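# Summary of the model geometry
Next come the chains, spelled out residue by residue.
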Amino acid sequence: MENVKHVCTPLPAGYQPSTAPKDYNANPTVRQWYQSIIGSLLFVMLGMRLDIAFAIIKMSQFMANPTEEHFLKALHIVKYLGSTPNLALHFSGGASSLDCYSDSDWAGNSETRRSTSGYAIQFLGNDLVSWRSRRQPTVALSSTEAKYMSMCDCTQQILWIKSLFQECHLSLQHFMMFGDNKGAIHIVQNPVMEGQSKHIDIKYYFLRECIEKQTFMLDYVPTDQQKADMDMMMKNLTWQKFQDNRSQLNLLEFKS
């Protein structure tokens with residue numbers, strides 16, 4: 001893969017992988033190679049390269065029975081990493097607050113209609129310290145529910161970071177989570193909506209308890225005013241849009 005043609009994005013814009021036909025059985029060698037590639041890329045994504053998070057989450061759904069197309073798209077992600085070897089997260093330090101941004105698409109998977117959470121875009125001051133993209137475990141019946149479930153996932157990460165700081169005897173002035181859906185925020189702050197949302201799994205309701213205990217503060221922010229645009233955590237973008245997202249998250253070219 002060292003001398004292949006460079007690519008600008010982890011996966012082609014708008015690409016939607018599809019499940020193999022029911023009568024298809026992957027070649028054991030192809031399956032082994034595919035699992036090895038995705039596993040290695042997952043390690044890279046967790047360590048630093050959040051720009052491949054959505055691509056990895058998408059392609060990891062086909063580990064058990066990958067097709068030739070899946071295999072080629074996994075190599076496409078490798079090509080992208082080879083094309084951008086100098087990208088690095090930049091840190092300035094001196095943070096006194098944790099600001100978290102939660103978002104999701106709605107029914108983005110054309111086969112299962114499950115949504116994707118692009119959550120845990122969390123900043124210590126101006127420094128990105130946590131990220132995650134994942135398929136939601138249940139189908140959301142509205143965009144409000146999809147955003148609500150993403151906020152709950154983000155809450156778990158906030159609690160972990162807060163606990164970590166306490167164990168290290170460090171303190172932050174405040175913890176904030178921002179969402180761009182007023183309906184989802186209203187569900188958290190108004191238990192009277194119970195009848196409209198009771199079908200959401202019970203585990204998501206601990207978010208209300210965190211707000212009541214003032215574990216962190218929850219506020220609305222318009223999509224166009226978010227500190228970070230999270231589209232690249234939820235869909236395959238065009239090159240220009242993808243590059244803009246990447247820069248907003250402080251993933252920049254490293255120059256020695």
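Everything in this summary refers to the structure shown in the same document. (Residues numbered from 1 in each chain as written. Predicted model: local features only at pLDDT ≥ 70, side-chain atom pairs only at ≥ 80, totals over all residues. Heavy atoms only, no water.)

### Section: the overall build of the protein chain
Here is the rule we go by: Strands here are runs of E lasting at least two residues and helices are runs of H or I lasting at least four, both read from the DSSP assignment and numbered beginning at the N terminus. Working definition: with a 1.4 Å probe on protein chains only, accessible area under 20% of the residue-type maximum means buried, over 50% means exposed, and in between means partly exposed. Contacts are residue-level and defined by heavy atoms, with any inter-residue pair within 4.5 Å sufficient.
On a plain count of helices and strands, the protein chain comes out with eight helices and seven strands. By residue count, 48% of the 256 residues in the protein chain fall in the buried class. Restricting the contact set of the protein chain to residue pairs at least 6 apart, pairs at least 24 apart contribute 75%.

### What about the packing of aromatic side chains?
Put simply, the rule is: Pairing of aromatic side chains here covers Phe, Tyr and the six-membered ring of Trp, requires ring centres within 6.5 Å, and sorts the geometry by plane angle: under 30 degrees stacked, over 60 edge-to-face, intermediate tilted.
In total, this model carries three aromatic pairs according to the counting rule given. With a centroid separation of 5.8 Å and an interplanar angle of 80°, the aromatic rings of Tyr-80 and Phe-242 are classed as edge-to-face. Of this pair, Tyr-80 sits in helix H3 (residues 68-83) while Phe-242 sits in helix H8 (residues 239-248), and the two are 162 residues apart along the sequence. Taken as a pair, Tyr-80 and Phe-242 share a single burial class, namely buried. Measuring from ring centre to ring centre gives 6.1 Å for Tyr-101 and Phe-123, while their planes differ by 85°; the resulting arrangement is edge-to-face. Within this pair, whereas Tyr-101 is found in strand E2 (residues 97-102), its partner Phe-123 is found in strand E3 (residues 116-124), the two being separated by 22 residues in sequence. For the residue pair Tyr-101 and Phe-123, the accessibility class agrees, reading buried in each case.

### Re H8
Spelled out, the test is: Working definition: the arc comes from the directions between the helix axis and the C-beta atoms, pointing outward to the latter.
Residues Phe-242, Asn-245 and Arg-246 constitute the buried set of H8. The buried side chains of H8 occupy one side of the element, clustering within an arc of 100° when seen end-on. At its buried positions, H8 is contacted by H3, strand E1 (87-89) and strand E7 (251-253). Looking one or two residues beyond H8, the residue adopting positive phi is Asn-250, at roughly 65°.

### Some details on the environment of Leu-141
Within the secondary structure layout, Leu-141 lies in the loop between strand E4 (127-135) and helix H4 (143-167). Exposure remark for Leu-141: the relative accessible area of 59% places this residue in the exposed category.

### Looking at unusual backbone geometry
Its identity is not glycine, yet His-169 carries a phi of approximately 60°, on the positive side. Inspection of the secondary structure assignment puts His-169 in the loop between H4 and strand E5 (174-179). According to the relative accessible area criterion, His-169 is exposed, its value standing at 73%.

### Digging into the packing of helix H1 (residues 28-47) against H3
Under the convention used in this document: To obtain an axis, a line is fitted to C-alpha atoms, over the contacting stretch when the element is a helix, and the angle between two such axes runs from 0 to 180 degrees between their N-to-C directions. Two helices cross in a left-handed way if the nearer one is turned anticlockwise from the farther one by less than a right angle. They cross in a right-handed way if the turn is clockwise. Note that Gly is not counted as nonpolar here; it falls among the polar residues with everything else outside the nonpolar set of Ala, Val, Leu, Ile, Met, Phe, Trp, Tyr, Cys and Pro and the charged set of Asp, Glu, Lys and Arg.
Relative orientation of the contacting elements H1 and H3 amounts to 35°, with a least axis distance of 10 Å. The element H1 and its partner H3 pack so that their crossing is left-handed. Facing Val-30, Trp-33, Tyr-34, Ile-37, Ile-38, Leu-41 and Val-44 of H1, the residues of H3 in contact are His-70, Phe-71, Ala-74, Leu-75, Ile-77, Val-78 and Leu-81. Residue composition of the contact of H1 with H3, grouped by class: 13 nonpolar, one polar and no charged.

### Quick word on the environment of His-76
Here His-76 is to be found in helix H3. By relative accessible area, His-76 is classed as buried at 15%. Apart from the residues within four sequence positions on either side, His-76 is in contact with Val-7, Thr-9, Pro-10, Leu-11 and Pro-12.

### Observations regarding the nonpolar core
Selection rule: Working definition of a nonpolar core: buried Ala, Val, Leu, Ile, Met, Phe, Trp, Tyr and Cys residues. They are joined through side-chain atoms within 4.5 Å.
In terms of nonpolar packing, the biggest core is built from 38 residues, with Leu-50, Met-59 and Ile-77 touching the most fellow members. Put simply, the parts of the chain that give this core at least two residues each are H1, helix H2 (53-59), H3, E1, E4 and E5. Ranked by the residues each element gives to this core, the list is headed by H3, at six residues. When near neighbours in sequence (up to four residues on either side) are disregarded, Leu-50 contacts Met-45, Leu-89, Leu-128, Trp-131, Met-232, Met-233, Leu-249 and Leu-251. Listed in part, the 22 residues of the second largest apolar core include Leu-98, Phe-175, Ile-187 and Leu-207.

### Things to note about the pairing of E5
Worth spelling out the cut-off: Only when DSSP finds a minimum of two bridges between them are two strands counted as paired.
Within E5, five of the six residues are buried, leaving the element largely enclosed by the surrounding structure. Pairing between E2 and E5: six bridges, direction parallel. For Ser-97, the partnering residue across the bridge sits in E5 and is His-174. Here E5 pairs with strand E6 (residues 217-220) via four bridges, running parallel. Residue pairing across strands places Met-177 opposite Leu-218, the latter belonging to E6.

Honestly, that's just the spatial picture; any functional story needs more than this.
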